[in-house]
Amino acid sequence: QVQLVESGGGLVQAGGSLRLSCTASGRAFSVGNMGWFRQAPGKEREFVAGINWSGANTFYADSVKGRFTISRDNAKNTVYLQLNSLKPEDTAVYYCASSYSSGQLEAAAGKYDYWGQGTQVTVSS
């Protein structure tokens with residue numbers, strides 16, 4: 001069992017930045033891939049970014065590429081999402097997710113085994 005707790009969301013003006021954190025407890029954090037997803041009101045949950053177990057490999061949704069950065073610190077059991085140049089369309093609840101897999105990074109939500117409760121990010125224009 002893995003418990004994931006996100007933090008760092010908030011209200012920010014367009015062009016601003018936030019740093020989200022997701023701290024894991026339970027199963028060994030360092031052996032699995034991690035991902036960030038988001039869900040805006042009335043929309044389906046969508047993939048944002050993924051990182052492999054070591055942090056050496058990452059990939060991003062086209063909508064956030066060049067603006068968001070995912071990283072992890074296995075010693076702290078924490079994965080981060082740095083959000084820069086925020087836009088109103090980035091407004092959503094952001095979720096981190098944990099996978100048992102340490103193989104190929106996945107964008108499909110069904111490939112992840114555990115989820116956090118989410119943290120709200122609101123970007124005003």
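Note that the structure is predicted; figures quoted are calculated from it, not measured.

Visitor: How should I be thinking about the sheet that holds strand β3 (residues 18-26) in this particular structure?
Guide: Sheet strands line up and pair through hydrogen bonds in the backbone, either parallel or antiparallel. Strand order in the open sheet formed by four strands is β1-β3-β8-β7, and the pairing between neighbours is antiparallel. In this open sheet, the two edge strands, each paired with only one partner strand, are β1 (2-7) and β7 (68-73). Direction aside, the axes of adjacent strands within the sheet are offset by 15 degrees on average. Here β7 pairs with strand β8 (residues 78-83) via six bridges, running antiparallel. Opposite Ile70, over in β8, you have Leu81 as the bridge partner.

Visitor: Explain the pattern of salt bridges to me, please; I cannot follow it from the model alone.
Guide: Working definition: two side chains of opposite charge can pair if their charged atoms are close together. Enumeration over the complete set of coordinates arrives at four salt bridges. Across the pair Glu46 and Arg38 runs a salt bridge whose closest N-O atoms are separated by 2.6 Å. A relative accessible area of 35% places Glu46 in the partly exposed class. By relative accessible area, Arg38 is classed as buried at 6%. Note that Arg67 is salt-bridged to Asp90, the shortest N-O span being 2.7 Å. Remark: Asp90 occurs in the loop between β8 and β9 (92-98) and Arg67 occurs in the loop between β6 (58-60) and β7; sequence separation between them is 23 residues. Shared partners join several salt bridges into a network, and the residues in it are Arg38, Glu46, Arg67 and Asp90.

Visitor: Explanation requested: the pairing of strand β11 (residues 119-124) in the structure shown.
Guide: Strand residues, when the strand is regular, have side chains that alternate between the two faces of the sheet. Of the two faces of β11, only the one carrying Thr119, Val121 and Val123 is buried; Gln120, Thr122 and Ser124 on the other face are not. Of the strand pairs in this sheet, strand β2 (residues 10-13) and β11 are connected by four bridges, and their pairing is parallel. Within β11, the position partnered with Val12 by the bridge is Val123. Where β9 and β11 come together, three bridges link them in antiparallel fashion. Each bridged residue has a counterpart across the sheet, and for Val93 the counterpart in β11 is Gln120.

Visitor: It is not clear to me how the packing of aromatic side chains should be interpreted in this structure. Could you clarify?
Guide: When we look at a pair of aromatic rings, we describe it by the centre distance and by the angle of the planes. Scanning all chains against the criterion turns up six aromatic pairs. Ring centres of Phe37 and Tyr112 lie 5.3 Å apart, and the angle between their planes is 80 degrees; this geometry places the pair in the edge-to-face category. In this pair, Phe37 is assigned in strand β4 (residues 34-39) and Tyr112 in the loop between β9 and β10 (114-115), connecting sequence segments 75 residues apart. The same class applies to Phe37 and to Tyr112, which are both buried.

Cut-offs applied
- Numbers given for residues are sequential positions, taken from 1 along each chain in its written order.
- Local features are withheld for residues below a pLDDT of 70 in this predicted model, meaning they are given only at 70 or higher, and side-chain atom pairs are given and counted only at 80 or more; totals for whole chains, interfaces and linings count all residues.
- The side-chain numbers reported here are obtained from all heavy atoms of the structure, hydrogens and water having been left aside.
- Should DSSP find at least two bridges between two strands, the strands are regarded as paired.
- Numbering of helices and strands runs from the N terminus; a helix is a DSSP stretch of H or I covering at least four residues, while a strand is a stretch of E covering at least two.
- Axis definition: a line fitted to C-alpha atoms, limited for helices to the stretch in contact. Angles are taken between N-to-C directions and run from 0 to 180 degrees.
- Here, a salt bridge means any Lys or Arg side-chain nitrogen found within 4 Å of an Asp or Glu carboxyl oxygen.
- Each residue is placed in one exposure class: buried if its accessible area under a 1.4 Å probe, protein chains only, is under 20% of its type's maximum, exposed if it is over 50%, and partly exposed if it falls in between.
- Only the six-membered ring of Trp is used, alongside the rings of Phe and Tyr, when aromatic pairs are assigned; centres must lie within 6.5 Å, and planes under 30 degrees apart are stacked while those over 60 apart are edge-to-face, with the rest tilted.

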